Amino acid sequence: MALKIINTCVNCYACEPLCPSKAIYKAEAHFLINPRKCTECDGDYDTPQCATICPIEGAILDAKGMEINPPGSLTGIPPEKMAEAMAALQAH
Amino acid sequence: MELPVLNETPAASAGGCSSHSCGSSDDQLGHLSDEIRAKVENHPCYSEDAHHYFARMHVAVAPACNIQCHYCNRKYDCSNESRPGVVSELLTPDQAVKKTMAVAATIPQMTVLGIAGPGDPLANPDRTFETFRRLSEDAPDIKLCVSTNGLALPESVEELSKHNIDHVTITINCVDPEIGAQIYPWIFWENKRIKGVEGARILIEQQQKGLEMLVAKGILVKVNSVMIPGINDKHLAEVSKIVKTKGAFLHNVMPLIAEAEHGTFFGVMGQRGPTQDELMDLQDACSGDMNMMRHCRQCRADAVGLLGEDRGDEFTLDKIEEMEIDYQSAMVKRKVIHEAIAEEMHSKRAKKDEAAAKHAEAKKLDTRPVLMAIATSGQGVINQHFGHAKEFLIYEASPNGVRFMSHRKTDLYCSGDDTCGDGESVLQRTIRALEGCEVVLCSKIGYEPWDMLEKAGIQPNGEHAMEPIEEAVMAVYEEMAAAGKLDDAEGRIRATA
Ligand code: SF4
Ligand code: SF4
Ligand code: SF4
């Protein structure tokens, strides 16, 4: 069981020092989690620390591949509003 | 007629009342002790006088953050401290130290190194403090400062006080958790993500505690607030009063910058920023209780050079790698240059004081105040072409003299020509940024902008090129008075509100 960081990670360094298992490392494009080391923080914390500080919605997936912080959960921006704003921007 | 300069008048000559609110002259820093004055004298961000001469730089070493602000999009930058959408070059402490020393050796006017966004410096204690530790040892003539959201401040005060850090900026947008919940969706606290009012309450407590601890240690504290209409605009005068009571020495109220393309909560949800008038009114409301910092440029997190200029391109990573820096001899040179600048500042100031004293005796005009915009690239003179100005200094002229009010950037409302939604030209945008001003003083101006400015009711004026700003502003004001343009008691300034 392990979490996974995907390519929307912005390399903010916030998660890496918090990992009790030293499972997070900086790689070429973005931070990664070593699945053999990640314990999902079990026994250390109530919630996985990386996903608890990560500011980017969707950047961290759980063992089932689900987004731990889905769109709108961190910024409070309703996903359809965000889509609208971005669509308006592209139209220009 | 003499030259009165309110910001420069010593409090002692203010005729017994040194408070800004009674309308008499007051030095921006007049209420400070000699010890604090000495600290800020060559600090471009704190001394209105010094920022024409001394330079500052920022290094981005601290990308992680422990809170979320609704005016920030973490995919880019800390929009609180820098221009939104512009990603700064993230440096390791090693690179940051090298870059700082390279800049200090090349631009001897550079006196201050700041660590601000993107991210929160105190949420990155290892990177931030390693940078500070090494600079305070190897380059002791550089002042260090740090900007923080305050969440981790109380635990950092001890370490901060060990270095050359005598200035800390805390961004405090509220003292009421209900208001805070509308600005901060969450904080990361004791290994948990805490949302809403509870998170805001903890953040506010930490900020206030940190402020008190810094003041107790004798470290100067400046407070930044982002003015968000409909959310904290009415509340900020109260914030100003509280932070002053606790010993903060400057309060800097900055306008919210929020456009949909920044991808911030406020941008996407259509929260507007304040108008220039609303901002100035609030700054006035706060300044009764607090000397306001009006010359903040909300500079980029990695800006280099005098305020308002950016020489960052000369110091990219590959360029500094190649530079050989002999800091010992650079320090000797820097000292000589700093002393010469200090001397020039003192003699200019003495002249202004003298003029202001004479003005106090002269017969008072009975005319309304006027706002004027100045195109300048520094040194306190009108020396910039209108078309080259990326920002303008705003001065108010009145029978009481000349007072520095603020800076206005021409690109504040738009991140780039292509992304500008309403298809405004640069010139139209500039004119909009000058709302409320009646005159623009510059060294030169083209025919087309001249015409458009006049049509917008702003009189361009290139007759005072290379003259000291305050003298020119007063001269133009007197011309306007003599021509009978200032007799309408209401005044244009408030008329546009
Ligand atoms: S879930 Fe916990 S153990 Fe796994 S990578 Fe994240 S912080 Fe480390
Ligand atoms: S906290 Fe999130 S965005 Fe930041 S480095 Fe970790 S995974 Fe990437
Ligand atoms: S403190 Fe700065 S980096 Fe952190 S969320 Fe707020 S604006 Fe962004």
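Worth saying up front: this structure is predicted, and the values here are computed from it rather than measured. (Residues numbered from 1 in each chain as written. Chains lettered and ligands numbered in written order. Predicted model: local features only at pLDDT ≥ 70, side-chain atom pairs only at ≥ 80, totals over all residues. Heavy atoms only, no water.)

1. Observations concerning the overall build of chain B
Argument step 1. On a plain count of helices and strands, chain B comes out with 15 helices and 15 strands.
Argument step 2. By the burial criterion, 59% of the 497 residues in chain B qualify as buried.
Argument step 3. For chain B, restricting intrachain contacts to residue pairs at least 6 apart in sequence, the fraction spanning at least 24 positions comes to 73%.
Argument step 4. For chain B, the exposed surface amounts to about 19400 Å²; the carbon and sulfur share of it is 51%. (Helix = DSSP H or I, 4+ residues; strand = E, 2+ residues; numbered from the N terminus. Buried < 20%, exposed > 50% of the residue type's maximum accessible area, 1.4 Å probe, protein only. Contact = heavy atoms within 4.5 Å. Areas by Shrake-Rupley, 256 points an atom, 1.4 Å probe, with all protein chains shown as cover.)

2. Side note on the overall build of chain A
Argument step 1. Looking only at helices and strands, chain A features two helices and four strands.
Argument step 2. Mapped from its N terminus to its C terminus, chain A presents α and β elements in the order β-β-β-α-β-α.
Argument step 3. Along the longest, intermediate and shortest principal axes, the C-alpha atoms of chain A span 50 × 30 × 20 Å.
Argument step 4. Summed over its atoms, the accessible surface of chain A is roughly 5200 Å², and 54% of this surface lies on carbon and sulfur atoms.
Argument step 5. Charge separation in chain A, taken as the distance between the mean sites of 7 positive and 11 negative side-chain charges, equals 8 Å. (Lys, Arg positive; Asp, Glu negative; His and termini not counted. Charge placed at Lys NZ, Arg CZ, Asp CG, Glu CD.)

3. Here's the deal with the sheet that holds strand S11 (residues 370-374) of chain B
Residues and elements named next belong to chain B.
Argument step 1. Pairing is mixed across the open sheet formed by five strands, whose spatial order is S13-S12-S11-S14-S15. A strand with exactly one partner marks an edge of an open sheet, and here the two such strands are strand S13 (401-409) and strand S15 (459-461). The sheet shows a mean angle of 25° between the axes of neighbouring strands, taken without regard to direction.
Argument step 2. Relative to strand S12 (residues 391-398), S11 is paired through five bridges, and the arrangement is antiparallel. Note that in S12 the partner of Leu 371 across the bridge is Glu 396.
Argument step 3. Each of strand S14 (439-441) and S15 is contacted by helix H13 (residues 447-455), which is oriented at about 140° to S15, the strand it contacts most. (Pairing = 2+ DSSP bridges. Axes fitted to C-alpha atoms, helices over the stretch in contact; angles between N-to-C directions.)

4. Section: the site of ligand 2
Argument step 1. For ligand 2, the full set of nearby residues is A:Ile5, A:Cys9, A:Val10, A:Asn11, A:Cys12, A:Tyr13, A:Cys15, A:Phe31, A:Cys54, A:Pro55 and A:Ile56.
Argument step 2. A class-by-class count of the residues in the shell around ligand 2 yields ten nonpolar, one polar and no charged. (Near = heavy atom within 4 Å. Nonpolar A, V, L, I, M, F, W, Y, C, P; charged D, E, K, R; others polar.)

5. A short note on the packing of helix H4 (residues 153-160) of chain B against helix H6 (residues 196-216) of chain B
Residues and elements named next belong to chain B.
Argument step 1. Their axes nearest at 8 Å, the elements H4 and H6 cross at an angle of 20°. Taken together, the axis directions place H4 and H6 in an arrangement best described as roughly parallel. Classified by chirality, the crossing of H6 by H4 is right-handed. Between H4, through Leu 153, Pro 154, Val 157 and Leu 160, and H6, the contact on the second element is made entirely by Gln 206, Lys 209, Gly 210, Leu 211, Met 213 and Leu 214. (Parallel < 35°, antiparallel > 145°, perpendicular 65-115°, else oblique. Left-handed = near helix turned anticlockwise from the far one by under 90°.)

6. Observations concerning the pairing of strand S8 (residues 220-227) of chain B
A regular strand places its side chains so that they alternate between the two faces of the sheet.
Residue and element names in this part refer to chain B.
Argument step 1. The buried fraction of S8 amounts to eight of the eight residues, a majority that puts the element mostly inside the structure.
Argument step 2. Burial along S8 is two-sided: the face carrying Leu 220, Lys 222, Asn 224 and Val 226 and the face carrying Val 221, Val 223, Ser 225 and Met 227 are both buried.
Argument step 3. Note: S8 against strand S9 (residues 250-255), six bridges, orientation parallel. For Val 226, the partnering residue across the bridge sits in S9 and is Met 254.
Argument step 4. The parallel pair S8 and S9, bridged by helix H7 (residues 236-245), forms a crossover whose chirality is right-handed. (Right-handed = clockwise from strand over helix to strand, strands pointing away.)

7. Considering the pairing of S13(B)
Residues and elements named next belong to chain B.
Argument step 1. When you tally the buried positions in S13, you get nine out of nine residues, the bulk of the element.
Argument step 2. Across eight bridges, S12 lies against S13 in antiparallel orientation. What sits directly across from Phe 392, in S13, is Arg 408.

8. Some thoughts on the nonpolar core
Argument step 1. Counting 51 residues, the largest nonpolar core has B:Leu113, B:Phe132, B:Leu160 and B:Leu214 as its most contacted members.
Argument step 2. For this core, the element with the most residues is helix H2 (residues 93-106) of chain B, which contributes six residues.
Argument step 3. Apart from the residues within four sequence positions on either side, B:Leu160 is in contact with B:Phe129, B:Phe132, B:Val146, B:Leu153, B:Ile165, B:Val168 and B:Leu214.
Argument step 4. Among the nonpolar cores identified, the runner-up in size contains 26 residues, and A:Ala85, B:Cys65, B:Ile204 and B:Met254 belong to it. (Core = buried A, V, L, I, M, F, W, Y, C linked by side-chain atoms within 4.5 Å.)

9. Topic: the interface of chain A and chain B
Argument step 1. Facing 27 residues of chain A, the contacting portion of chain B comprises 24 residues.
Argument step 2. A combined buried area of about 2100 Å² lies between chain A and chain B, and 65% of that area is made up of carbon and sulfur atoms.
Argument step 3. For the interface between chain A and chain B, the tally reads seven residue pairs in polar contact (both at pLDDT 80 or more).
Argument step 4. Counting only elements with at least two residues in the side of chain A that touches chain B, the list comes to helix H1 (49-53) and helix H2 (79-91) of chain A. (Buried area = accessible area lost by both parts, 1.4 Å probe. Polar contact = N/O pair within 3.5 Å; in protein donor to acceptor, adjacent residues only side chain to side chain.)

10. Here's the deal with the site of ligand 1
Argument step 1. Around ligand 1 there are 13 residues in total, and A:Cys19, A:Ser21, A:Cys38, A:Cys41 and A:Cys50 lie nearest to it.
Argument step 2. Residue classes in the shell around ligand 1 are distributed as nine nonpolar, three polar and one charged.

11. Quick look at the sheet that holds strand S6 (residues 186-189) of chain B
Residues and elements named next belong to chain B.
Argument step 1. Ordered by their spatial adjacency, three strands build an open sheet running S2-S6-S7, and the pairing between neighbours is antiparallel. The sheet is open, and its two borders are formed by strand S2 (67-68) and strand S7 (192-195), each paired with just one other strand.
Argument step 2. The strands that H6 touches are S2, S6 and S7; relative to S7, the one it contacts most, it runs at about 105°.

12. Examining the side chain of B:Gln207
Residue and element names in this part refer to chain B.
Argument step 1. Mapped onto the elements of the fold, Gln 207 is located in helix H6.
Argument step 2. Looking at Gln 207, its side chain comes within polar contact range of the main-chain oxygen of Asn 149, at 2.9 Å.
Argument step 3. Every residue in contact with Gln 207, bar those within four places of it in the chain, is listed here: Asn 149, Gly 150, Ile 170, Thr 171, Ile 172, Cys 174 and Tyr 184.

13. Side note on the packing of aromatic side chains
Argument step 1. For the structure on display, the rule yields four aromatic pairs over all chains.
Argument step 2. When the centroid spacing of 5.1 Å and the interplanar angle of 75° are considered together, the rings of A:Tyr13 and A:Phe31 count as edge-to-face. Of this pair, A:Tyr13 sits in the loop between strand S1 (4-5) and strand S2 (24-26) while A:Phe31 sits in strand S3 (residues 31-33), and the two are 18 residues apart along the sequence.
Argument step 3. Judged by relative accessible area, A:Tyr13 falls into the partly exposed class, the value being 23%.
Argument step 4. For the ring pair B:Phe265 and B:Phe266, a centre distance of 5.8 Å and an interplane angle of 65° mean the geometry is edge-to-face.
Argument step 5. Assessed through its relative accessible area of 2%, B:Phe266 is described here as buried.
Argument step 6. Looking at A:Lys26, its charged tip hangs above the ring of A:Phe31, at a distance of 5.4 Å from the centre.
Argument step 7. One Lys or Arg, B:Arg127, reaches over the ring of A:Tyr13 and ends 4.6 Å from the middle of that ring. (Phe/Tyr/Trp six-rings, centres within 6.5 Å; stacked < 30°, edge-to-face > 60°. Lys NZ or Arg CZ within 6 Å of the ring centre and 35° of its normal.)

14. Some details on unusual backbone geometry
What is expected of a backbone is that most residues other than glycine have negative phi and most peptide bonds are trans.
Residues and elements named next belong to chain B.
Argument step 1. A positive phi angle, near 65°, is found at Asn 191, a position not held by glycine.
Argument step 2. Here Asn 191 shows up in the loop between S6 and S7.
Argument step 3. One non-glycine residue with positive phi stands out, namely Met 466, at about 70°.
Argument step 4. Residue placement: Met 466 occurs in the loop between S15 and helix H14 (469-482).
Argument step 5. For Met 466, a relative accessible area of 54% translates into the label exposed.

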